[in-house]
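Breakdown of the fold
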Amino acid sequence: MYAIIAAGGRQYRVSQGDTIYIDKVDQEADSVISFDALIIGGEGETIVGNPVIAGAKVEGKVVGQVKGEKIQIYKYKSKKNFHRRAGHRQPYTKVEITAINA
């Protein structure tokens, strides 16, 4: 069984036991977080919500707050002696999916 959930403006396809990285949510580690299910499928049957399925929830456990890989930003203008270098690490929340309740 799988579900499509929305978190942070993005959609994720999850199954029970999956680990996903969503945009940072201010919750402590080992707390429970729930998502509305947009689509639930598997075992030959698919249920599509409009926009969400009434009464269907996907539950997960917050594992912790993590950061993504560092990306380098470099700005340069030719013939103007202009150089700027910066880095960025996006903060994420690591979530383990514990249950899909349809």
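Look up: the structure comes first, before these words.
The structure reproduced in this document is the subject of the present report. (Residues numbered from 1 in each chain as written. Predicted model: local features only at pLDDT ≥ 70, side-chain atom pairs only at ≥ 80, totals over all residues. Heavy atoms only, no water.)

1. Description of the overall build of the protein
We apply this condition: Secondary structure elements are defined from DSSP: runs of H or I of at least 4 residues count as helices, runs of E of at least 2 residues count as strands, and each element is numbered from the N terminus. Atoms counted for the radius of gyration: C-alpha only. Globule rule: 2.2 Å times the number of residues to the power 0.38. The buried label goes to any residue with under 20% of its type's maximum accessible area, the exposed label to any with over 50%, and the partly exposed label to all in between, with areas taken from a 1.4 Å probe on protein chains only. Shrake-Rupley sampling with a 1.4 Å probe provides the accessible areas, and residues are treated as covered by the protein chains on show and by no other component. In this charge count, Lys and Arg are treated as positive and Asp and Glu as negative; neither His nor the chain ends contribute. To locate a charge, take NZ of a lysine, CZ of an arginine, CG of an aspartate or CD of a glutamate.
The secondary structure content of the protein amounts to 0 helices and 9 strands. Secondary structure elements in the protein, listed N-terminal to C-terminal, are β-β-β-β-β-β-β-β-β. Its C-alpha atoms give the protein a radius of gyration of 19 Å, more than 25% over the compact-globule value 13 Å for 102 residues. With the C-alpha coordinates of the protein rotated into their principal frame, the extents come out at 60 × 30 × 20 Å. Counting only residues that meet the buried cut, the protein has 26% of its 102 residues in that class. Surface accessibility of the protein: about 7200 Å² in total, with carbon and sulfur atoms responsible for 47%. Each charge class in the protein can be summarised by its mean position, and for the 15 positive and 11 negative side chains these summaries are 22 Å apart.

2. Let's talk about the nonpolar core
Applicable threshold: To define a nonpolar core, start from buried Ala, Val, Leu, Ile, Met, Phe, Trp, Tyr and Cys residues and group those joined through side-chain atoms within 4.5 Å.
In terms of nonpolar packing, the biggest core is built from 18 residues, with Val 14, Ile 20, Ile 22, Phe 35 and Val 58 touching the most fellow members. Looking at this core, the elements that each hand over two or more residues are strand 1 (2-7), strand 2 (10-15), strand 3 (19-23), strand 4 (32-42), strand 6 (57-67) and strand 9 (91-101). If you tally residues by element for this core, the top one is strand 4, at 4 residues.

3. Examining the pattern of salt bridges
Cut-off, in case you're wondering: By definition, a salt bridge exists where a carboxyl oxygen of Asp or Glu is found within 4 Å of a side-chain nitrogen of Lys or Arg.
On inspection of all chains with the given rule, the structure shows 2 salt bridges. One salt bridge in this structure joins Asp 36 and Lys 57, with 2.5 Å as the shortest N-O distance. Here Asp 36 is found in strand 4, whereas its partner Lys 57 is found in strand 6, with 21 residues between them in sequence.

4. A word on the packing of aromatic side chains
Convention followed: What counts as a ring pair is set by centres within 6.5 Å for rings of Phe, Tyr and Trp (its six-membered ring), and what kind of pair is set by the plane angle: stacked under 30 degrees, edge-to-face over 60, tilted for all other angles. In this scheme, Lys NZ or Arg CZ marks a charge over a ring once it lies within 6 Å of the ring centre and within 35 degrees of the ring normal.
All chains considered together, the criterion is met by 0 aromatic pairs. When the ring centre of Tyr 2 is taken as reference, the NZ or CZ atom of Arg 13 above it lies at 4.0 Å.

5. Quick notes on the environment of Ala 86
Spelled out, the test is: Residue contacts are counted whenever heavy atoms from the two residues lie within 4.5 Å of one another.
Residue placement: Ala 86 occurs in strand 8 (residues 82-88). A residue is classified by how much of its surface remains accessible, and Ala 86, at 41% relative accessible area, is partly exposed. In the structure, Ala 86 is positioned 33 residues away from Ile 53 in sequence and 43 Å away in space, judged by C-alpha atoms. Excluding residues that lie within four positions of it along the chain, Ala 86 makes contacts with Ile 71, Gln 72 and Ile 73.

6. A word on the pairing of strand 8
The following threshold applies: Between any two strands, pairing holds if DSSP finds at least two bridges.
One ladder, built from 7 bridges, connects strand 7 (residues 71-77) with strand 8; its direction is antiparallel. Residue pairing for strand 8: Ile 71 is matched across the bridge by His 88. Taking the residues that link successive antiparallel strands as the turn, the strand 7-strand 8 hairpin has 4 residues, and the phi of Lys 79 there is positive, at about 65 degrees.

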